[in-house]
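Coordinates in review
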Amino acid sequence: MAKIVFSAVQPSGIPTIGNYVGAIKNWVGLQDEYDCIFSIADLHTLTVRQTPAELRARTLELLALYVACGIDPEKCVLFAQSHVHEHAELTWILNTITSVGEMQRMTQFKDKSQKHAENVNMGLMDYPVLMAADILLYGTEFVPVGADQKQHLEIARDLAMRFNSRYSPTFVVPEPLIPKCGARVMSLQDPSSKMSKSDLNLNGFISMDDTPEEIVKKFKRAVTDSDSRVCFDEQSKPGVSNLMTIYALFTDKTVSEVEAEFDGVGYGDFKQRVGEAVAETLKPIQKRKADLLNDKDYLFSILKSGAEKASYIAMKTLRKVYKKVGLLQI
Ligand code: TYM
């Protein structure tokens, strides 16, 4: 049997090119070799205030995006997290072996508590445990994610090992798959912070829905430096290096090829070409996504069959877990 790959994206906004190159693009290459399960982490989004109608629409849009990017629903299990109730149930069990201190130390929890100081809810703190439940329910070996999820993967691994040693071997201990290039695409306006779909500064990120004009305009405005050479140095030239990484990923070139290509080219032309390369790649994806969204019945049929397949595996794992912790079976 092939090894299991699991990953997910939150439908908390329109995904950015960071989500694409850090995660979704890499999933496409895994589907022939592994049994892939890709989820839409809708329960995770509730840790921040959402508009219900928007959340529903974005859930379907994210599914359409997965498929438009090349994830094949015939080969992979695609489902919404809330459609498989075992995720919430395993979270409860894992909560009982998680310490409050280790959750309070999570970088993302600290960042988000500051950003949403008016709404530091229990869910926000418990977010990594729900993510661990997502992963552990399916006997996942590999989790393809961007670098920002590494700490959460550590928690999933710790909880798997803790449960296995406290009760008996139950969970596979998952490994993160973090790409060498593109694991952390930075904001176009502040190259010291990660590109994020929830950035209030719309010029900081390229969404997967941006038009070619918007894309080129945002790249033209990207923060660089006072030098004028297009060369890769993440320490002293973070803005330019970020743009070079993006260009390399969207043209399937290496960073040194990119450096050679832009030797002697000014920042203005360089940024224009990065924008054009990104726009060119996104165009067919956007077209496929729009077509898919015109066929809601098809999208719902994917979610239904995905939920059925995921539930079957999740139910078996949860039953085992309930038994091991001593819950009476009837
Ligand atoms: P989310 O929705 O924040 O991001 C989805 C994926 O995109 C990656 N990513 C990036 N990669 C490169 N550069 C960036 N600027 C960038 N921003 C985001 C993330 O690393 C992630 O791989 N908690 C998760 C969703 C989740 C999950 C899971 C992931 C829920 N359950 C189980 C894996 C396994 C999240 O919020 O991702």
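What counts, and where the lines are drawn
Residues numbered from 1 in each chain as written. Predicted model: local features only at pLDDT ≥ 70, side-chain atom pairs only at ≥ 80, totals over all residues. Heavy atoms only, no water. Near = heavy atom within 4 Å. Polar contact = N/O pair within 3.5 Å; in protein donor to acceptor, adjacent residues only side chain to side chain. Nonpolar A, V, L, I, M, F, W, Y, C, P; charged D, E, K, R; others polar. Phe/Tyr/Trp six-rings, centres within 6.5 Å; stacked < 30°, edge-to-face > 60°. Helix = DSSP H or I, 4+ residues; strand = E, 2+ residues; numbered from the N terminus. Buried < 20%, exposed > 50% of the residue type's maximum accessible area, 1.4 Å probe, protein only. Domains from an automatic or database assignment. Contact = heavy atoms within 4.5 Å. Buried area = accessible area lost by both parts, 1.4 Å probe. Salt bridge = Lys/Arg side-chain N within 4 Å of Asp/Glu carboxyl O.

With respect to the site of the ligand
The full set close to the ligand counts 27 residues, and Gln10, Tyr127, Asp134, Asp148 and Val185 are the nearest of them. Asn19 is positioned such that a nitrogen or oxygen atom in its side chain is 3.0 Å from an oxygen atom of the ligand. Between Gly146 and the ligand, the recorded distance is 2.8 Å, taken from a backbone N or O atom to an oxygen atom. Here the shell around the ligand is composed, by residue class, of 13 nonpolar, nine polar and five charged.

What to know about the packing of aromatic side chains
A full pass over the atoms with the stated rule returns 11 aromatic pairs. Taken together, a centroid distance of 5.6 Å and an interplanar angle of 70° make the contact between Tyr34 and Phe142 edge-to-face. Separated by 108 residues along the polypeptide, Tyr34 in the loop between helix H1 (17-28) and strand E2 (35-40) and Phe142 in strand E4 (residues 142-144) bring together distant segments of the chain. Taking the relative accessible area as the measure of exposure, Phe142 reaches 18% and is therefore buried. Ring geometry for Tyr247 versus Phe262: centroids 5.0 Å apart, planes at 80°, classification edge-to-face. Here Tyr247, found in helix H10 (residues 238-251), pairs with Phe262, found in the loop between helix H11 (255-261) and helix H12 (267-293); they are 15 residues apart in sequence, far enough to count as distant. With respect to class, Tyr247 is no different from Phe262; both count as buried.

A few points about unusual backbone geometry
Positive phi is not limited to glycine here, since Asp252 has a value of about 55°. Along the polypeptide, Asp252 turns up in the loop between H10 and H11. The class of Asp252 is exposed, set by a relative accessible area of 66%.

With respect to the domain arrangement of the protein chain
In terms of domains, the protein chain is made up of domain 1 (4-183 + 296-325) and domain 2 (203-290). Measuring from the centre of the C-alpha atoms in domain 1 to the corresponding centre in domain 2 gives 30 Å. With 14 residues of domain 1 at the interface, the matching set in domain 2 holds 17 residues. Carbon and sulfur atoms supply 76% of the area buried between domain 1 and domain 2, which totals about 1400 Å² over both sides. For domain 1, the biggest contributors to the area lost against domain 2 are Ile17, Ala68 and Cys181; these three give 39% of the whole. Our enumeration of links across domain 1 and domain 2 arrives at two salt bridges. With a shortest N-O distance of 2.9 Å, Lys289 and Glu61 are connected by a salt bridge.

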